[in-house]
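Next come the chains, spelled out residue by residue.
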Amino acid sequence: MAHASMGSLPRASVGESLAVLGDVVAPTIAKGVILRRPRVVAAAERFQLDRRAVQRLQRLRDRYGAGPLMLRMPPGREQAVILAPEHVRRVLDATPEPFATASSEKRAALSHFQPDGVLISHGAVRAERRRYNEAVLETACPMHHLAARFERVVREEAAELLASIRRVSTPGTGVMDWDAFAVAWWRAVRRVVLGDGARDDEVLTNLLQGLRSDANWAFLQLRRLAVRDRFFARLEAHVARAEPGSLAAVMAAVPAHTDTAAVGQVPQWLFAFDAAGITTVRALALLATHPAYAGRARAEALGASDTPGSELPLLRAAVMDTVRLWPTTPMVLRQTTAETTWEAGVMPAGTGVLIFVPFFDRDDERLAYANRFAPELWLEGTAPAGHGGRAVGEGPATAWPLVPFSAGPAACAGRNLVLLLSSTMLAALLRESVPRVVGRAPLDAERPLPATLDNYTLRFALDA
């Protein structure tokens, strides 16, 4: 095993550093960190690029141990890769000091569409914006106080989705693809966030998509300020209505001041709900191909059909494990604000820190369930030995960091809202029948699940 020189962290060779960039960083960026590129996602599934990335980091851990491992970068740029679970916990728990969320890469990307977002803020301004996000999204509450209203919105849009599919299909042949799902999903999201008046404002989300596409290029793309201004003008008009039963109404009731940049927090919510839609479709594919869970999930959905505010624990757990299997934020980035000391040496201030989430979630050298669907991990009292049960949405009690919604002071503030909308959509679809995946079969309950799954080509037969 290679050893660090006295006082410094182990440093990868030039070849190993290039391999990390080629196998881990480049494919993730190519797929689209901020807005997915469907053709690249399809290619990544075909070649299972995420598996190669995990294997690359496994080899580096075997050689260098716990790390963190410093990469060889151009002069003036320091970058570390986290290799040990306890170090993931340290970084996440010690955010934002000394591990700031506002890394250089993140600021370059997110400033295209959320220049005042909490994720690229620091110090007192970040603290204020985090407070506001948590207050509006009710981060600490498993069920938002508007949960019953939000569930009704999702059910209405799911019903319209199913009706539209049947209108153009002969009986028993209805098929849902990503495009049809996305229309319904975004209608629900706009109603939840901004109110019914925004239901059909596809211009708003199309503008956001364009800005997010620019954000994929981060430093390399000039900011289209005129487009951003058009987007925020529409967004501010919806927020100003403060339509009852929407997050916009909650925003109007939560104290804010100039530093809060209240409207500036909303683009991140919309961004997060896009990832939630991707996860919902993947979760549906898992349930459709895992009969042992599908029957229980449908029974849960049927049992909760007339119960507003039902937590749908199994469906929430299915969503959680889907994010574990295919993280929608595969690279968690931090940047050190001070020199930090580790068991193996010292990390300089200003170092970029990379946590590649699939490496920890899919490490088949340590996790027996790494490549299988295991929603029981997230259910109270049903976790396997060594993984003490937690409430849905919390991680298992283990040194291994399963953090599908991140963790610590910068954990996803909208985690419970994502779980609410995704599980409600799944329940609405499952009440009709357990769907079948058609046209392709990327999943098999008896075989290891693929490391990369293309949600854009999934198609479902929804009629029994």
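Attention here is on the structure that accompanies the text. (Residues numbered from 1 in each chain as written. Predicted model: local features only at pLDDT ≥ 70, side-chain atom pairs only at ≥ 80, totals over all residues. Heavy atoms only, no water.)

Time to look at the overall build of the chain. Along the chain, the regular secondary structure elements total 16 helices and ten strands. Taken against the 2.2 N^0.38 rule, which gives 23 Å for 464 residues, the C-alpha radius of gyration of the chain at 22 Å falls within 12% of a compact globule. In terms of its C-alpha atoms, the chain occupies a principal-axis envelope of roughly 70 × 55 × 40 Å. Across the 464 residues of the chain, 58% fall into the buried class. Considering only contacts within the chain whose residues lie at least 6 apart along the sequence, 75% involve residues at least 24 apart. Here the chain contributes 54 positive and 48 negative side-chain charges, whose respective centroids are spaced 3 Å apart. (Helix = DSSP H or I, 4+ residues; strand = E, 2+ residues; numbered from the N terminus. Rg over C-alpha atoms; globule rule 2.2 N^0.38 Å. Buried < 20%, exposed > 50% of the residue type's maximum accessible area, 1.4 Å probe, protein only. Contact = heavy atoms within 4.5 Å. Lys, Arg positive; Asp, Glu negative; His and termini not counted. Charge placed at Lys NZ, Arg CZ, Asp CG, Glu CD.)

Our next topic: the packing of helix α7 (residues 147-167) against helix α16 (residues 415-430). Viewed as axis vectors pointing N to C, α7 and α16 meet at an angle of 40°, and their least axial separation amounts to 9 Å. When the axes of α7 and α16 are compared, the pair comes out oblique. Here α7 and α16 pass one another in a crossing that is right-handed. Of the residues in α16, those touching α7 at Ala-147, Phe-150, Glu-151, Val-154, Arg-155, Ala-158, Leu-161 and Leu-162 are Leu-417, Leu-420, Leu-421, Thr-424, Met-425, Ala-428 and Leu-429. Counted by class, the contact of α7 with α16 contains twelve nonpolar, one polar and two charged residues. (Axes fitted to C-alpha atoms, helices over the stretch in contact; angles between N-to-C directions. Parallel < 35°, antiparallel > 145°, perpendicular 65-115°, else oblique. Left-handed = near helix turned anticlockwise from the far one by under 90°. Nonpolar A, V, L, I, M, F, W, Y, C, P; charged D, E, K, R; others polar.)

As a further point, take the nonpolar core. Core analysis: the largest hydrophobic core is formed by 105 residues, its most contacted members being Met-176, Val-193, Leu-235, Val-266, Phe-273, Leu-315 and Phe-460. Among the elements that take part in this core, helix α12 (residues 266-288) stands out by supplying 13 residues, more than any other. Those residues in contact with Leu-315, other than ones at most four positions away along the chain, are Leu-287, Ala-297, Glu-300, Ala-301, Ser-423, Leu-426, Ala-427 and Leu-430. (Core = buried A, V, L, I, M, F, W, Y, C linked by side-chain atoms within 4.5 Å.)

Attention shifts here to unusual backbone geometry. Residue Pro-68 is bonded to the preceding Gly-67 through a cis peptide linkage, with omega at 0°. Tracing the sequence through the fold places Pro-68 in the loop between α3 (49-64) and β1 (69-71). Following Glu-97, the chain continues to Pro-98 via a peptide bond in cis, the omega torsion being 10°. You will see that Leu-312, though not glycine, has its phi angle at about 45°, which is positive. Checked against the element boundaries, Leu-312 lands in the loop between α13 (291-303) and α14 (313-325). The exposure class assigned to Leu-312 is buried, which follows from its relative accessible area of 3%. If you check the backbone angles, Ser-406 has positive phi at about 60° while not being a glycine. Within the secondary structure, Ser-406 is located in the loop between α15 (357-361) and α16.

Our next topic: helix α4 (residues 85-93). Buried within α4 we find Pro-85, His-87, Val-88, Val-91 and Leu-92. Seen from one end, α4 has its buried residues packed into an arc of 155°, which puts them on one side. For α4, the elements touching its buried residues are β3 (99-100), β5 (331-336), β6 (340-342), β8 (352-356) and α15. (Arc of directions from axis to C-beta.)

So, about the state of the cysteines. Throughout the structure, instances matching the rule amount to zero disulfides. Cysteine Cys-141 is unpaired, with the sulfur of Cys-412 as its nearest cysteine sulfur at 15 Å. Here Cys-141 falls in the partly exposed class, since its relative accessible area comes to 33%. With relative accessibility at 28%, the residue Cys-412 sits in the partly exposed group. (Disulfide = S-S within 2.5 Å.)

What follows concerns the packing of aromatic side chains. On inspection of all chains with the given rule, the structure shows eight aromatic pairs. Aromatic side chains Phe-181 and Trp-185 sit 5.8 Å apart centroid to centroid with 20° between the ring planes, which places their arrangement in the stacked category. Placement of both Phe-181 and Trp-185 in helix α8 (residues 178-194) is noted, with a separation of four residues, approximately one turn of the helix. Connected via pairs of aromatic rings, a cluster forms that spans Trp-178, Phe-181, Trp-185 and Tyr-456. (Phe/Tyr/Trp six-rings, centres within 6.5 Å; stacked < 30°, edge-to-face > 60°.)

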